[in-house]
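A closer look at the structure
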Amino acid sequence: MAGRHSLPEVDLTCPICCEIFREPVVLKCSHSFCAACLRQYWTPGQSRDCPLCRAPSLDDPVSSLTLKNLCEAYVEDSEGLQEAGAGELYCDPGEMCPSHGERLKLFCLLDKEPICVVCHTSRRHKQHDCCPVSEAVGDVKEKMKSALSSLQEKRDAFDKMKKNYEDTVAYIEIQARFVERRTREEFDKLHSFLQAEEEAQMAALKAEEEQRRRAMMQKIEEITREITSVSESIRVLEEEIVLDGISVLHKCKKTLARANHPVADPITAPGGLIDVAKYVGSLSFHVWEKMQTIVKYTPVTLDPNTAAPWLVLSDDLTSVRDSEEKQKLPDNPERYDPDTGVLGSQSFTSGKRSWDVTVGENTAWVVGVAKASVQKKEKVSSVLKNGYLCVYFYHKMYFAGTSPLTRLNLKRNPGRIRVQLDCDRGRVSFYDPADNTHIYTFKQAITERVFPYFWVGCQQSPLTIEPLEVSVCPAERS
């Protein structure tokens, strides 16, 4: 009984004749058939392919002794069961037709269900296309393999996305610490400036207080001497006025001359008090004016969330350079990859904007604007049809990113490039700010948001956005 329990009958059945194998042979694709059935299937003059998988068979089929022994053992066991009164060959109930008691050897392709030979001739399945059960099982397994492969690919995609989310969580913490450090540095700089201003104000106040006090003390000393002199004159007059006789006449000339000596009336000199208004009047505004020495304003701030992994941005987000090492950054939708580009953090749809970019000795750069709809996950040329309005320098040549490209002939290599954006007029112009030489102007309606755009392909020199001159002026009333 070992043969019968080792394999079900379906695995010992020829897919062509649907009977137990007789002289089984195996093809290179591992499918087995009766030798006679295979010879009959392979019509002379036609291609020799597998009846099941259609794989071409160039080599002669090989006899399968193991399968032959299993089939013979199975037949012997089945005959023994018949002799013992078991009726027919042992079969799992699920492999028997519930209507006719016959083995389910066929598969109805229309109704998608296994049937027996009697079902195939019945009215229900008559004229329906059928195939052997083993062939249908093979087809179903192929579909299951395809579905399994699809699900595995989907699971791999989810695993990759989960890993990206986990990396993003870690990077968010890095970003938060960076912002925290930069914020503290900037506020420490402001605190130091304000503390120095406060100490300077207090020192000036103390110096003026001491100056005013010394001046007043000097006045007090002077008036004290005057008081002493006048008091002495009063005392002499009081003593002599009580005298009688001729002695008064003897002393009166000298006494009256002293008493009538001109003495200036005491007056308070102006400007003796501390100029309080100078210290507290619009104090915060005047401090704000002085803060221009430490406060810088750049018209464009780079957005690190759009920077390609090969780019390195300065801490103040005003400079970008290329590097050889790819940083481990989240693959967020806003980030350029593989192009080594980065956008400004602010977009524009109206008004005028201008910014200067120092290109220095950089030998490969692109500056200009990019539309919000540009593709960031594919390597594209900075040309007009791709949503970029830029000029660039490459292989010691200057180009305007039109389609086709426009070669620019410049008299000298500018160290800076000025970008002037006029959204209302649909103009993006480029100049050499050293002498205001016009380089090129794009004339195209701005119908969507545009961002300042920078591309770096050289490690020699960074691209730097120059700060603007900042002035604080109070508005005058008309």
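As the structure is a computational prediction, the values presented were derived from the model and not from experiment.

Along the backbone of the chain there are eight helices and 19 strands. Computed over C-alpha atoms, the radius of gyration of the chain comes to 51 Å, more than 25% over the 23 Å expected from 2.2 N^0.38 for 478 residues, which places it beyond the range of a compact globule. Over its C-alpha atoms, taken along the principal directions, the chain stretches across nearly 185 × 65 × 45 Å. Each of the 478 residues in the chain was classed as buried or not, and the buried ones make up 31%. Put simply, of all contacts in the chain between residues at least 6 apart along the chain, 57% involve residues at least 24 apart. For the chain, the accessible area works out to roughly 31,500 Å², and carbon and sulfur atoms hold 54% of it.

Assigned domains within the chain: domain 1 (9-77), domain 2 (138-292) and domain 3 (311-466). Taken together, the contacts link eight residues of domain 2 with seven residues of domain 3. Joining domain 2 to domain 3, the criterion identifies one salt bridge. Close ionic contact of arginine 181 with aspartate 315 constitutes a salt bridge, the shortest N to O distance being 3.3 Å.

Right, let's get into the packing of aromatic side chains. Under the criterion given, the structure shown has 10 aromatic pairs. Aromatic pair phenylalanine 348 and tryptophan 355: ring centres 6.5 Å apart, planes at 25°, arrangement stacked. The residues phenylalanine 348 and tryptophan 355 share a single accessibility class, namely buried. Through pairs of rings, three or more aromatic residues link up here, namely Tyr336, Tyr388 and Tyr453. Against the face of tyrosine 336 rests lysine 376, its NZ or CZ located 5.9 Å from the ring centre.

Our next topic: the sheet that holds strand β1 (residues 24-26). With antiparallel pairing, three strands are arranged side by side in an open sheet as β2-β1-β3. Two strands in the sheet have a free side with no partner beyond their single neighbour: β2 (32-34) and β3 (62-63). By the bridge criterion, three bridges tie β1 to β2 in an arrangement that is antiparallel. Bridge assignment links valine 26 to a residue of β2, and that residue is serine 32.

According to UniProt, the "domain: RING-type" (unreviewed entry) feature falls on residues 14-54. For residues 14-54, the end-to-end C-alpha separation is 16 Å, with 17% helix and 15% strand making up the annotated structure.

Below, the discussion takes up the UniProt feature "coiled-coil region" (unreviewed entry) in the chain. In the numbering used here, UniProt assigns the "coiled-coil region" (unreviewed entry) feature to residues 193-240. The span residues 193-240 carries 100% helix and 0% strand; its end-to-end C-alpha distance comes to 70 Å.

So, about the sheet that holds strand β12 (residues 388-394). Taken together, six strands build an open sheet; the order of strands is β9-β18-β11-β12-β13-β14 and the sheet is antiparallel. Sheet topology places β9 (341-343) and β14 (406-408) at the edges, where each strand pairs with a single neighbour. The mean inter-strand angle of the sheet, taken between neighbouring strand axes irrespective of direction, is 25°. Bridge analysis of β9 against strand β18 (residues 450-456) gives three bridges, and the strand direction is antiparallel. The partner of leucine 343 across the bridge, within β18, is tyrosine 453.

It is worth spelling out the pairing of strand β13 (residues 397-400) at this point. Pairing between β12 and β13: four bridges, direction antiparallel. Along β13, the bridge assignment pairs tyrosine 394 with methionine 397. If you look at the hairpin formed by β12 and β13, you'll find two residues sitting between the two strands, and histidine 395 has a positive phi there, around 50°. Of the strand pairs in this sheet, β13 and β14 are connected by three bridges, and their pairing is antiparallel. Residue tyrosine 398 lies in a different strand from β14, and its bridge partner there is leucine 408. Here β13 folds back onto β14 in antiparallel fashion, the turn holding five residues.

This next bit is on the environment of aspartate 316. Within the fold, aspartate 316 resides in the loop between β7 (311-313) and β8 (319-322). Considered as a pair, aspartate 316 and leucine 302 are 14 residues apart in the sequence and their alpha carbons are 8.8 Å apart. One polar contact links aspartate 316 to serine 314, side chain to side chain, over a distance of 2.6 Å.

With that settled, the discussion passes to a nonpolar patch on the surface. On the surface, a nonpolar cluster with roughly 330 Å² of combined accessible area is contributed by Met217, Ile220, Ile223 and Ile227. Within the fold, isoleucine 223 resides in helix α5 (residues 133-241).

Tallied over the entire structure, the rule returns 23 salt bridges. Put simply, glutamate 95 and arginine 103 hold a salt bridge, and the shortest N to O gap is 3.5 Å. Between glutamate 208 and arginine 212 there is a salt bridge, and its shortest N-O distance comes to 3.3 Å. With glutamate 208 and arginine 212 both in helix α5, this residue pair falls four residues apart, about one helical turn. Because the salt bridges share partners, they merge into one network encompassing Arg181, Arg182, Glu185, Glu186, Lys189 and Asp315.

What counts, and where the lines are drawn
Residues numbered from 1 in each chain as written. Predicted model: local features only at pLDDT ≥ 70, side-chain atom pairs only at ≥ 80, totals over all residues. Heavy atoms only, no water. Helix = DSSP H or I, 4+ residues; strand = E, 2+ residues; numbered from the N terminus. Rg over C-alpha atoms; globule rule 2.2 N^0.38 Å. Buried < 20%, exposed > 50% of the residue type's maximum accessible area, 1.4 Å probe, protein only. Contact = heavy atoms within 4.5 Å. Areas by Shrake-Rupley, 256 points an atom, 1.4 Å probe, with all protein chains shown as cover. Domains from an automatic or database assignment. Salt bridge = Lys/Arg side-chain N within 4 Å of Asp/Glu carboxyl O. Phe/Tyr/Trp six-rings, centres within 6.5 Å; stacked < 30°, edge-to-face > 60°. Lys NZ or Arg CZ within 6 Å of the ring centre and 35° of its normal. Pairing = 2+ DSSP bridges. UniProt positions renumbered as here; feature names shortened; annotations may be inferred. Axes fitted to C-alpha atoms, helices over the stretch in contact; angles between N-to-C directions. Polar contact = N/O pair within 3.5 Å; in protein donor to acceptor, adjacent residues only side chain to side chain. Patch = residues over 30% accessible without salt bridge, like charges linked within 9 Å, V, L, I, M, F, W, Y side chains within 5 Å.

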